[in-house]
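Each chain, letter by letter, is given below.
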Amino acid sequence: MDNKDKLTGLYLFDDFIDRASVFLAKADPNKFYVLISTDFSKFKYINRVYGYGAGDRLIKDLADVFASQTQCIMACRPYSDHVIGLYQFEKDEWKSQKEVLKKLQEDFCKQHKAEYSKTSVHLNTGVCVIDDFDEQITSIIDKANIARRSVKGNYSIPFAMYTKKLQELKEAESRLIPIFEKALENDEILVYMQPKISVTKGKICGAEALTRLIDDDGNIVPPDIFIPVLENSGKVLDLDWYVMKHVFRKIQEWVAEGRDVVTVSINLSKIHFYHDSLVEDIIEEFEKYNISPDYVEFEVTESVFFEESELIIDKIEKLRAYGFKISVDDFGAGYSSLNLIGILPVDIIKLDKGFIKNSLNNRKGMDIIKGLIRILNEIEMDIVCEGIETKDEERVVYEFGCDSMQGFLYDKPIPIGDFESKYILRKAI
Ligand code: C2E
Ligand code: MG
Ligand code: MG
């Protein structure tokens, strides 16, 4: 029993590295090998609530389950609640094994649910397929860990496979996070605004705040690149707070200068809703500016409503009760359900630009958009069509019953200074 972890009986990390390297050097190319890395969500919390003895039992159970699979060649516990294992399958066996792995985890969590009822037992698991037997085992473990971390705390995905895309995200992370942190510290995050236009009135009826970063070479980094990175690391919270304060301050200035103020929407990332004090924090900040909440809208994507919806809906209701407007962003981009529209406590639905574009080029799609706009009008929900680029697109959705548009046909997101001089005019005296 030397060289074994006392708690789990698994190999110690160094020993695992040596043995796995020797094993892979002689691996059978006709078989299929994967490395699986797993740990618990909120393990510190489990230790704190139930004590270290209970935490240890949970780790031991996890190790037993993972190591006792017939395909497990060897496993180890590198530290704390983290278990990794090397597995060998028949070539065509892996597909069905994905289901097995999913079920194994579900069963494990279910079995422990009653004992650890104050917190949910949940595993974060990453898998790296080993296709190059010459690759260092430590690099394979790193990849499985990148995959594991990518699903940390995500209760809707049973496990993640390592992919090149994840690696790119990781690389983007190490490049972009320092740029973001520096910009945040130096107050250099750019906040752009894009107008929303009322076709009937022929003028602006709102605006959306959208951010950009400048990289070290002076180039603009678009949000499609940096938002996923910031979401992954949790730093999007800092970004959204920055934008929020910036927008509140701008509105305060506009009001003080006697300008024609419009409602400005701020994108709120999903992860804000995991913070219990979100609503109180927003209101506390907002009250420093002495402006009307009518001028502020929060955009949340529809996926926000899929998980833990009661907690989230409660927060949204409170924000609305205070007077802020709430819109569902990118509606139709994911797995929207009509059912959702009926239960959402929101004011505005923003139809996704991709959804509109794909729908408008065929008869069935046109009918769907038309029907959707009709239903939304019937239940008195406001609608904004995103990504309107041509007069034709405008005409079609306008005829279907949508008056508010956002898109390059009117303007791109532009720096706030330009936006002000173009759209936020001083009232005539
Ligand atoms: P979004 O909230 O759906 O914002 C609308 C996006 O559509 C913007 O892209 C805008 O430039 C683009 N767009 C508007 N009109 C058109 C058009 O006619 N054609 C096309 N092809 N695109 C159009 P942007 O600024 O690149 O932002 C992308 C996404 O990044 C946003 O999508 C939003 O989800 C996210 N984002 C941007 N800023 C923030 C932020 O401060 N916080 C958070 N959490 N997310 C942000
Ligand atoms: Mg938006
Ligand atoms: Mg959108």
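Residues numbered from 1 in each chain as written. Chains lettered and ligands numbered in written order. Predicted model: local features only at pLDDT ≥ 70, side-chain atom pairs only at ≥ 80, totals over all residues. Heavy atoms only, no water.

**Q** Help me out: how do you make sense of empty space enclosed by the protein in this one?
**A** In this approach the atoms are scanned with a rolling probe the size of a water molecule, which exposes any empty space left behind. A complete count under the given rule lists 1 cavity of 30 Å³ or more for this structure. Space inside the largest cavity adds up to approximately 90 Å³. Secondary-structure elements contributing two or more residues to the lining of the largest cavity are strand E3 (82–90) and helix H4 (94–113). Looking at the lining of the largest cavity, the element that brings in the most residues is H4, giving 5 residues. Here the residues of the lining of the largest cavity sort into 8 nonpolar, 3 polar and no charged. (1 Å grid on protein atoms, 1.4 Å probe; cavity = no way out; pocket = protein on both sides within 12 Å on 5 of 7 lines; lining within 4 Å. Points joined across faces, edges and corners; volume = space filled by probe spheres on them. Helix = DSSP H or I, 4+ residues; strand = E, 2+ residues; numbered from the N terminus. Nonpolar A, V, L, I, M, F, W, Y, C, P; charged D, E, K, R; others polar.)

**Q** Mind showing me how you'd approach the packing of aromatic side chains here?
**A** The description of two aromatic rings rests on the distance between their centres and on the angle between their planes. Across all of its chains, the model carries 16 aromatic pairs by this definition. Judged by centre distance (5.0 Å) and plane angle (70 degrees), the rings of tyrosine 50 and tyrosine 116 are edge-to-face. You can see tyrosine 50 sitting in helix H2 (residues 43–50) and its partner tyrosine 116 sitting in the loop between H4 and strand E4 (123–130), a full 66 residues away along the chain. Its relative accessible area of 22% is what places tyrosine 50 among the partly exposed residues. Their ring planes at 10 degrees and their centres at 6.4 Å tell us that tyrosine 87 and phenylalanine 89 sit as a pair that is stacked. Overall, phenylalanine 89 belongs to the buried group, its relative accessible area being 4%. Across from the ring centre of tyrosine 11, 4.9 Å away, lies the NZ or CZ of lysine 4, which sits over that ring. Geometry around phenylalanine 408 places lysine 412 over its ring, the cationic atom sitting 5.0 Å from the centre. (Phe/Tyr/Trp six-rings, centres within 6.5 Å; stacked < 30°, edge-to-face > 60°. Buried < 20%, exposed > 50% of the residue type's maximum accessible area, 1.4 Å probe, protein only. Lys NZ or Arg CZ within 6 Å of the ring centre and 35° of its normal.)

**Q** Which parts of the structure should I look at to understand the coordination of the magnesium ion (ligand 2)?
**A** Any two of four tetrahedral donors ideally make an angle of 109.5 degrees at the metal, while pairs among six octahedral donors ideally make 90 or 180 degrees. For the magnesium ion (ligand 2), the full set of protein donor atoms is Glu208 (OE), Asn267 (OD1), Glu299 (OE) and Asp329 (OD), at a range of 2.0 to 2.2 Å. Between the magnesium ion (ligand 2) and the magnesium ion (ligand 3), the interatomic distance is 3.9 Å, and aspartate 329 donates to each metal, bridging them. Taken together, the residues span a long stretch of sequence, with asparagine 267 in strand E9 (residues 264–267) and aspartate 329 in strand E11 (residues 325–331) at a distance of 62 residues. (Donors = N, O, S within 2.8 Å, 3.2 Å for Na, K, Ca; no water.)

**Q** For this particular structure, what's the right way to read the coordination of the magnesium ion (ligand 3)?
**A** Only Asp329 (OD), Asp330 (OD) and Glu386 (OE) from the protein reach the magnesium ion (ligand 3) as donors, at distances of 2.0 to 2.2 Å. Sequence spacing of the donor residues for the magnesium ion (ligand 3), all on one chain, is D-D-x55-E. We classify aspartate 330 as partly exposed; its relative accessible area is 24%.

**Q** Just to check I follow, could you spell out helix H12 (residues 353–360) for this structure?
**A** Side chains that are three or four residues apart share a direction in an α-helix, a result of its 3.6 residues per turn. Inspection of H12 places Phe355, Ile356 and Ser359 among the buried residues, and these make up the whole buried set. The buried residues of H12 all sit within an arc of 95 degrees when viewed along its axis, so they share a single face. The inward-facing, buried residues of H12 abut E11, strand E12 (348–351), helix H13 (363–378), strand E13 (382–385) and helix H14 (391–400). Its side-chain oxygen placed 3.0 Å from the backbone nitrogen of glycine 354, aspartate 352 serves as the N-cap of H12. (Arc of directions from axis to C-beta. Contact = heavy atoms within 4.5 Å. Polar contact = N/O pair within 3.5 Å; in protein donor to acceptor, adjacent residues only side chain to side chain.)

**Q** In this structure, what is going on with the pattern of salt bridges? I would like to understand it.
**A** Pairs can form between side chains of opposite charge once their charged atoms are near each other. Under the definition given, this model contains 29 salt bridges. Here aspartate 392 ties to arginine 395 by a salt bridge, and the two come within 3.2 Å at their closest N and O atoms. Placement of both aspartate 392 and arginine 395 in helix H14 is noted, with a separation of 3 residues, approximately one turn of the helix. Residues joined in a network through salt bridges with shared partners are Lys196, Glu208, Glu297, Glu299, Lys350 and Glu386. (Salt bridge = Lys/Arg side-chain N within 4 Å of Asp/Glu carboxyl O.)

**Q** Explain the site of ligand 1 to me, please; I cannot follow it from the model alone.
**A** The environment of ligand 1 is formed by 25 residues, the closest being Glu208, Asp240, Asp329, Glu389 and Phe408. Contact between ligand 1 and glutamate 208: an oxygen atom at 2.8 Å from a side-chain N or O atom of the residue. Summarising the interface, the protein chains cover 86% of the accessible area of ligand 1, which totals 800 Å² for the free molecule. Those elements that provide at least two residues to the shell around ligand 1 are strand E7 (203–214), helix H7 (223–233), helix H8 (236–256) and E11. Here the shell around ligand 1 is built from residues that sort into 9 nonpolar, 6 polar and 10 charged. (Near = heavy atom within 4 Å. Areas by Shrake-Rupley, 256 points an atom, 1.4 Å probe, with all protein chains shown as cover.)

**Q** Can you help me understand the domain arrangement of the protein in this one?
**A** Many analyses report the size of an interface as the accessible area lost when the parts associate. Domain annotation of the protein identifies domain 1 (13–162) and domain 2 (171–424). Here the C-alpha centre of domain 2 lies 39 Å away from the C-alpha centre of domain 1. (Domains from an automatic or database assignment.)

**Q** Can you help me understand the environment of serine 198 in this one?
**A** Positionally, serine 198 belongs in strand E6 (residues 190–198). Distance from serine 198 to cysteine 402, taken between C-alpha atoms, is 9.1 Å for residues 204 residues apart in sequence. Beyond its immediate sequence surroundings of up to four residues, serine 198 is in contact with Lys203, Cys205 and Asp403. A polar contact is formed between the side chain of serine 198 and the side chain of aspartate 403, at a distance of 2.8 Å.

**Q** Sorry if this is basic, but what is going on with the packing of H12 against H14 here?
**A** The relative placement of two packed helices comes down to the angle between their axes together with the axis-to-axis distance. Orientation of H12 relative to H14, taken along the N-to-C sense of each, is 95 degrees, at an axis distance of 12 Å. Here H12 is positioned roughly perpendicular relative to H14, judged by the angle of their axes. The residues of H14 that touch H12, namely those facing Ile356, Lys357 and Leu360, are Glu393, Val396, Val397 and Phe400. A class-by-class count of the residues in the contact of H12 with H14 yields 5 nonpolar, no polar and 2 charged. (Axes fitted to C-alpha atoms, helices over the stretch in contact; angles between N-to-C directions. Parallel < 35°, antiparallel > 145°, perpendicular 65-115°, else oblique.)

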